[in-house]
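# Observations on the three-dimensional arrangement
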Amino acid sequence: MAVARNSDAGHASLIIRTSFGVNYSAPPELPVYEQPICTGEGYIWTPGYWAYGPEGYFWVPGTWVLVPEPGLLWTPGYWVWSDGLYVWHGGYWGLQVGFYGGVNYGYGYSGTGYQGAYWNNGALYYNRSVNNVNVTNVHNVYNTTVVNNTTVNNVSYNGGTGGTTARPTAAELAAARAQRVPSTAEQTQHERAASTNRAQLASVNHGQPPVAATAKPGVFTGHGVEATGTPQHPVTNGAAAKGAGTAPATPAHPNVATPSYPNNNPPPKPAPHPESKPQPESKPKPASPPPPPARGNPPPPEEKQKPKPPPPPAG
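Rules used in this analysis
- Residues numbered from 1 in each chain as written.
- Predicted model: local features only at pLDDT ≥ 70, side-chain atom pairs only at ≥ 80, totals over all residues.
- Heavy atoms only, no water.
- Pairing = 2+ DSSP bridges.
- Helix = DSSP H or I, 4+ residues; strand = E, 2+ residues; numbered from the N terminus.
- Contact = heavy atoms within 4.5 Å.
- Axes fitted to C-alpha atoms, helices over the stretch in contact; angles between N-to-C directions.
- Buried < 20%, exposed > 50% of the residue type's maximum accessible area, 1.4 Å probe, protein only.
- Arc of directions from axis to C-beta.
- Phe/Tyr/Trp six-rings, centres within 6.5 Å; stacked < 30°, edge-to-face > 60°.

Looking now at the sheet that holds strand 16 (residues 225-226). Here we have four strands laid out as an open sheet, ordered 3-6-15-16, and mixed in their pairing. Whereas interior strands pair on both sides, the edge strands pair on one side only; in this sheet they are strand 3 (43-46) and strand 16. Here strand 6 (residues 62-66) runs beside strand 15 (residues 213-214); their pairing, made up of two bridges, is parallel. What sits directly across from threonine 63, in strand 15, is threonine 214. Contacts between helix 2 (residues 185-195) and the sheet are confined to strand 3, strand 6 and strand 15, with strand 6 contributing the most and set at about 160° to the helix.

Okay, here's the thing in structure tokens:
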């Protein structure tokens, strides 16, 4: 099997050449993992994925990444089976979320678009139903449930036997043709760190990577590192990975920098804290009168003693 590299808009793509219809190397299923808590405002979740290197597939953990420019959203990369080849299409940043193969990466990436966050006046708002967010650190939040209308599985590629059958929409094709921003240096270093960790190789971990997700790119030990396993705190649409991946028949919005929700009604903003005002003193209420005695049958009137009859006359 020969492995060749080509270019995909500045992103490395791997082509795994095999004989069509013979044994071929499909990427493993997506592992199940818990999403680490959000690092802070301005960070977007980038889901984990199987990358390919000289020793085969290795898992790149999902992680929170600081958005390179306000208004940008992340389109994950994906594998696609085409003409007997598995081709990797790298992820990218853009004003719209493009096509990523219909792969349900979870945590807002349900296979179409992104339901995890949206931009509003330069601020990123997070959907708490699909993100692990601490409202002490992240204040711009909303809650929109992603309805599950499809069968959820952990398949990690598009096309071929067992792959997803999704095809790009006109909007997703337009996003691919629009101006895009490549992966940040932080993301590139994160993938490189995963490639040098033998424990992340599918041939070693058998599809169960010890580091499935991490709070910070490139940090594979310590606080914020999540191993493969059932999430302890699942959230709706939580990942193939996840907690419970879900895919709406119609995306909650078209995933643009200026959001558009159903009926053009964005999720409500958090209500401002009311100003504290002095409250009027409450006047004490008069004491309640004692309860009336229980009602019942009145006692019978006292009977007057009748005079005794005179004794009978003596005989």
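With that settled, the discussion passes to helix 2. Taken together, the buried positions of helix 2 are occupied by Gln187, His190 and Ala194. Take helix 2 and look down its axis: the buried residues cluster within an arc of 55°, on one side only. On its buried side, helix 2 packs onto strand 3, strand 5 (56-60), strand 6, strand 7 (73-75), strand 10 (92-94) and strand 15.

On to the pairing of strand 8 (residues 78-82), then. Taken across its five residues, strand 8 has four buried, putting it largely inside the fold. When strand 8 meets strand 9 (residues 85-89), the two strands line up antiparallel, connected through five bridges. Looking across to strand 9, one finds that tryptophan 81 is bridged to tyrosine 86. As paired elements, strand 8 and strand 14 (residues 157-158) share two bridges and run parallel to each other. Within the sheet, the bridge partner assigned to tryptophan 79 lies in strand 14 and is tyrosine 157.

Moving on, we come to the packing of aromatic side chains. Per the counting criterion, the structure on display carries 19 aromatic pairs. Between tryptophan 50 and tryptophan 59 the ring centres are 5.1 Å apart and the planes differ by 65°, which places this aromatic pair in the edge-to-face class. Relative to phenylalanine 99, the ring of tyrosine 78 lies with its centre 5.4 Å away and its plane at 80°, an arrangement referred to as edge-to-face. One end of the pair, tyrosine 78, is in strand 8; the other, phenylalanine 99, is in the loop between strand 10 and strand 11 (117-120), with 21 residues separating them in the sequence. Here tyrosine 78 and phenylalanine 99 have matching classes, each one buried. Linked through ring pairs, Tyr33, Trp45, Trp50, Trp59, Trp64 and Tyr107 together constitute an aromatic cluster.

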